Number of protein chains: 2
Amino acid sequence: MAKVIEKSIAEQLRPIFEPRSVAVIGASENPWKFGGRAVHLPLAAGYRGAIYPVNPNREEIAGIKAYPSILDIPDEIDLAIFAIPAPQIPQAMAECIKKGIKGGVMLTAGFAETGEEGKKLQDEMVRMAHQAGFRFVGPNSNGIWSSRAKLNLIFMDAPPPGPIAFISQSGTLGQYLFQAATRKGYGFCKYVSSGNQASINMSDYLEYLAEDEDTKAIVLYIEGIEVEEGGRFMEIAREVVKRKPIVVYKGGRTSAGSRATLSHTASLAGSDEIFDAACKQAGIIRCYEVIHPFDLAEALACQPLPKGKRVSIIGSGGQCVATSDACASLGLELPEFDPDTKRRLKEVLPPHAPVPTNPVDTAAPGDPMTTPRIAQILAQLDYIDGIIISSPWVGRGFSPDRIRELLNEAEMVTSIPRQYGKPVISTAIAMHFAATDLALGLFREAGIPIYSTPEESARAMYGLMRYGEIRRQLGES
Amino acid sequence: MAKVIEKSIAEQLRPIFEPRSVAVIGASENPWKFGGRAVHLPLAAGYRGAIYPVNPNREEIAGIKAYPSILDIPDEIDLAIFAIPAPQIPQAMAECIKKGIKGGVMLTAGFAETGEEGKKLQDEMVRMAHQAGFRFVGPNSNGIWSSRAKLNLIFMDAPPPGPIAFISQSGTLGQYLFQAATRKGYGFCKYVSSGNQASINMSDYLEYLAEDEDTKAIVLYIEGIEVEEGGRFMEIAREVVKRKPIVVYKGGRTSAGSRATLSHTASLAGSDEIFDAACKQAGIIRCYEVIHPFDLAEALACQPLPKGKRVSIIGSGGQCVATSDACASLGLELPEFDPDTKRRLKEVLPPHAPVPTNPVDTAAPGDPMTTPRIAQILAQLDYIDGIIISSPWVGRGFSPDRIRELLNEAEMVTSIPRQYGKPVISTAIAMHFAATDLALGLFREAGIPIYSTPEESARAMYGLMRYGEIRRQLGES
């Protein structure tokens, strides 16, 4: 992808992610069609700009006046959404360029992914766009979401806004993952189904997100990177990770999966060893299950970076065991405590609790302040870099006094990242008491991520510790 | 554990899992206390037997007449629930034995897990119980659930009944996992927080579950098995797996986790290599994340066993890629199709779909019958042992015609396990359309497990294929 050098990437993609006005080419009344949802969903999400349906056969769509062509729209348009058959695209694009539009989202499929002829059509479009400084998502995109514009073109309810940006080379899987992640409570500022990446590729998105104020952590679903693009991508990634973490799931790491990428996005998955080595060098964190990058990004977006890989765990019984196993399997260390700390912990732990060790088994303490007090003691240790609190609270009724207690408890924990610059994350396998829900709500509010299994928490802490390591390495290099 | 040889294990544990009457020793009006929940929760779960609260200071509890001691109850009692302090247990147990009670659940803690003195008290109880043929769960148990009796002593809402039995050496983690698994839609016939396992240990539970009609798959959370018990446990397991699958998560596989088991259940986690080798020999399937055994058990409890490890995947785009990667990583094979099958698939696939390969990329077909027809073609292939269908349905409205279509589609898929003896499982990463929900409901109804990520589905298929292999090996040995 040749770079349009006149404008910064931020300026080039602003019409796409922050459009003041949108034209939907091929608009439809039917919300099950691309051209229908592109009118209906932004409205449902609260998009505040103007929407202009374009359809020569309709007077109005969704109660909005429709225009026969782009050129008939009386106002300026920032973003054109293409939902017309592939053969009609060149003419529509020519009209967009004539109208001075600078950004597009091409939902239409039937280009390079279908073979030689589609590839030719796509190349023609790219040439035309490039000359005019017109950048577009897709073709073969499943849509985008931008929290700043409240622009939702994804076939789902608008997600809560938040600090994660997600770029997916797969439309369907991307959308499902995006939805699954929002159900886990993670918030997003951007989602892009990047499709064939004819005009804007992964490197461009990375470059854009590096500057984007809303983005605190970046998740990528990649199936393949063109050989001639690999070097630039890794170079840009290496620059981006000096400021923001990148977490990637790479489809096609096995020969069976690779065969599937070929027929899916016509991507050559390439050697997995080479990709892996390149990620390590660029400081990209790699995950091996599709949902894991989001778990990591949630912590990376809101917690301070630990100075090392030494973790302490607070919990009760089997949760301590499973969390310790999960952490140790990922290479995190659980340092044993010094005698003075053991003494201090013993004073706080209930009498029936076992001798304090790391992990700290609180043995279902009667006193609700036990866990917060332990967390405070651990946060002060110079040989502990981060804390995982496993299922801290079990409800004991829901009185006003209990709520006051809860507020104190939560503050003693939520203050730690700020106070000591050390990350705190929590596991809540099952949330089933009103008091527990409230406590966890206070955690979330303060930016403490809540995970639902010991392994999720361990992976998130690993992500923080790994990114801390990457930042130290890149800072030194 | 010496075996009481007069009665079968089924007879010995029947008073615990199918009690006609229950006495709660230390009953309380407060549902946050052990002695309170043991009265309240069975009532809430619909327990149909008689409940007798025992408390010398109360006339009635939860509207039920209370008795000063066990011996004052006029009727026969099958099960005694102990919710009194440890020092009072010996006398209460003596009274239970005098009363002719044969089963107990000991929620009380403060025994072997606290040190030498507690160990002595526990040994004394075991001696007393053994002589009288009295068997009890615990001490230091967090309760049990039995679907047949609708007996719920767990600090949560009663779960839906189902084919999975779960025995956990950890109380808190066990309960959280049990709850998390029920939220995933999995049904249970038994849950036991086995506590210190003074009277009934893992081997005993396994022996019991082997005969239990309700149990189709067994999940164990184990922290450690006593050295002198290891041989018997593995011997019994080897017999059980000839009839029912056993899936285990073992806490303490790392040195950090092992340190935690020591302080938690006083278990010596032992060498992980030895445990692993023993599992392989006994035919126990081992998982490495706490929630995974439940995902496997769900498929194992309801799907036919595949004859080999050759899987086929149907899906769209990136889901094919991720599912293929996940399957291949677990050692499952994705055989390429013969020319005749490719030809037949091409006839069914939409024109814009890529050339058929395994995985079959349906490329978001317009025709709802595409996926079921492909599934039927694949089921007939003698070199395909199982099928994973990834996110099959996307809603297109919800008309009566659509519902009729859905019924046909679903039946063409749900008939495969019966018709061809091959397992079918499905992934539905995000269910967000009414029509999708209905289709998935029809799947569930027919016993097709639904998972929420490609990796969950791959692991479940692996579980089926691994258990098929185990059964063939044990059958031949």
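Residues numbered from 1 in each chain as written. Chains lettered and ligands numbered in written order. Predicted model: local features only at pLDDT ≥ 70, side-chain atom pairs only at ≥ 80, totals over all residues.

### Observations concerning the relation of the copies chain B and chain A
Stated formally: The copies were overlaid with a least-squares fit restricted to C-alpha atoms from residues scoring a pLDDT of at least 70 in each copy. For every residue pair, C-beta atoms are placed from the backbone, and the pair is scored as a contact if these atoms sit within 7 Å.
Superposing chain B onto chain A takes a rotation of 180 degrees combined with a translation of 0.0 Å along the rotation axis, leaving an RMSD of 0.0 Å. In short, the pair behaves as if placed about a two-fold rotation axis. By C-alpha distance to the rotation axis, the residue of chain B lying nearest is B:Glu289, at 6.6 Å. In this assembly, 100% of the residues forming the interface of chain B have copies in chain A that are likewise at the interface, indicating an isologous arrangement.

### Section: the sheet that holds strand β17 (residues 386–390) of chain A
Residues and elements named next belong to chain A. As a reminder, the rule being used: The pairing criterion for strands is at least two bridges between them, as found by DSSP. We count a stretch as a helix when DSSP gives it H or I for four or more residues in a row; a strand needs E for two or more, and each element gets its number in order from the N terminus.
With respect to topology, five strands assemble into an open sheet ordered β16-β15-β17-β18-β19, the strand pairing being parallel. Across the chains shown, the open sheet's two edge strands, defined by having one partner strand only, are β16 (360–361) and β19 (450–451). The pairing of strand β15 (residues 311–315) with β17 spans four bridges and is parallel. Bridged to Ile313 within β17 is Ile388.

### Structural notes on the domain arrangement of chain A
Residues and elements named next belong to chain A. Keep this limit in mind: Domains are outlined according to an automatic or database domain assignment.
Domain boundaries assigned for chain A yield domain 1 (9–300) and domain 2 (304–476). Facing 13 residues of domain 1, the contacting portion of domain 2 comprises 14 residues. Looking at which element gives the most residues to the side of domain 1 that touches domain 2, the answer is helix α10 (residues 292–302), with six residues.

### Regarding helix α5 (residues 171–183) of chain B
Counted only if it meets this: Multiplying 1.5 Å by the residue count of a helix minus one yields the expected span of that helix. Three exposure classes are used. Buried residues have 20 or more other C-beta atoms within 10 Å of their own C-beta, exposed residues have 12 or fewer, and partly exposed residues fall in between, all C-beta atoms being placed from the backbone.
Taking 1.5 Å of rise per residue, 13 residues should cover 18 Å, and α5(B) covers 18 Å from first to last C-alpha, within 8% of that figure. For α5(B), the complete set of buried residues consists of B:Gly171, B:Thr172, B:Leu173, B:Gly174, B:Gln175, B:Tyr176, B:Leu177, B:Phe178, B:Gln179, B:Ala181 and B:Thr182. On its buried side, α5(B) packs onto α11 (318–329) of chain A together with β10 (161–168), β11 (188–193), β12 (217–222) and α10 (292–302) of chain B. B:Gly185 lies just past α5(B) and shows a positive phi near 95 degrees.

### Observations regarding the environment of B:Ala165
All names here are of chain B. Along the polypeptide, Ala165 turns up in strand β10. The sequence separation of Ala165 and Thr427 amounts to 262 residues, and the corresponding C-alpha distance is 24 Å. Here Ala165 is in contact with Cys189, Lys190, Leu209, Asp212, Thr215 and Ile218, once residues within four sequence places are set aside.

### Notes on the sheet that holds strand β7 (residues 135–137) of chain B
Residues and elements named next belong to chain B. Put simply, the rule is: For helices, the fitted line uses only the C-alpha atoms of the stretch in contact; every axis is such a line through C-alpha atoms, and the angle between N-to-C directions lies from 0 to 180 degrees.
The sheet built from five strands is open, its strands ordered β2-β1-β5-β6-β7 with parallel pairing. The open sheet terminates on both sides in strands that have one partner only, identified here as β2 (50–54) and β7. Across the sheet, the axes of successive neighbouring strands diverge by a mean angle of 20 degrees, strand direction being ignored. Looking at chain direction, strand β6 (residues 103–106) and β7 are connected through three bridges and run parallel. The partner of Gly103 across the bridge, within β7, is Arg135. In this fold helix α1 (residues 9–17) packs onto β5 (79–82), β6 and β7, with an angle of close to 50 degrees to the strand it touches most, β7.

### Some points on the confidence of the model for chain A
Rules: pLDDT is defined as a per-residue confidence score from the predictor, taking values between 0 and 100.
The predicted model of chain A averages 91 in pLDDT, with 94% of residues at 70 or higher. With pTM at 0.93, the complex prediction returns an ipTM value of 0.92.

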